[in-house]
Every structure is written in structure tokens, then in C-alpha cells.
Amino acid sequence: MDRLDGDEEKEVIEEVRRYNPSTSFPTTVINDEKAIVGFKEKEIREALGF
């Protein structure tokens, strides 16, 4: 995200906004359905089945 410019950056921001209206980072989206905002390693691992 940090290295994107122009339209590409806008597209990524809009995609993140679908899952996290505040567009804060990191936002991890799993299986296009579950969004985890912030670095929550335990929650991410559980969502991935680890």
C-alpha cells in the first residue's frame, strides 16, 4: 500500500474500506469474508485454521 500511487492507491483504499471503514492498517481479509483489523496474530491464526 505504501508504495502505490494514483489510481492504484485509490483502488486499494476502496477495497480496504469495504472491510474496514476506517481504512486503518493492517487490515487482513481472510477468504473474502472475515476482516481482522490490527496485528492480532492469535485471531489470524485461528481464522486460517492454525
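All of the points below concern the structure found in this document. (Residues numbered from 1 in each chain as written. Predicted model: local features only at pLDDT ≥ 70, side-chain atom pairs only at ≥ 80, totals over all residues. Heavy atoms only, no water.)

Attention shifts here to the overall build of the protein. If you tally the helices and strands in the protein, you get 2 helices and 2 strands. When the elements of the protein are put in sequence order from the N terminus, they spell out α-β-β-α. Structurally, the protein occupies a C-alpha span of about 35 × 20 × 15 Å along its principal axes. Accessible surface, the protein: about 4100 Å² in total, of which carbon and sulfur atoms supply 47%. Of the side-chain charges in the protein, 8 are positive and 13 negative, and the distance between the mean point of each set is 6 Å. (Helix = DSSP H or I, 4+ residues; strand = E, 2+ residues; numbered from the N terminus. Areas by Shrake-Rupley, 256 points an atom, 1.4 Å probe, with all protein chains shown as cover. Lys, Arg positive; Asp, Glu negative; His and termini not counted. Charge placed at Lys NZ, Arg CZ, Asp CG, Glu CD.)

Looking now at the environment of Ile 36. On the secondary structure map, Ile 36 appears in strand β2 (residues 34–37). What makes Ile 36 buried here is its relative accessible area of 1%. Sequence spacing of Ile 36 and Gly 6 is 30 residues, and the spatial spacing of their C-alpha atoms is 26 Å. (Buried < 20%, exposed > 50% of the residue type's maximum accessible area, 1.4 Å probe, protein only.)

Everything listed here is a matter of coordinates, which is why it stays silent on function.
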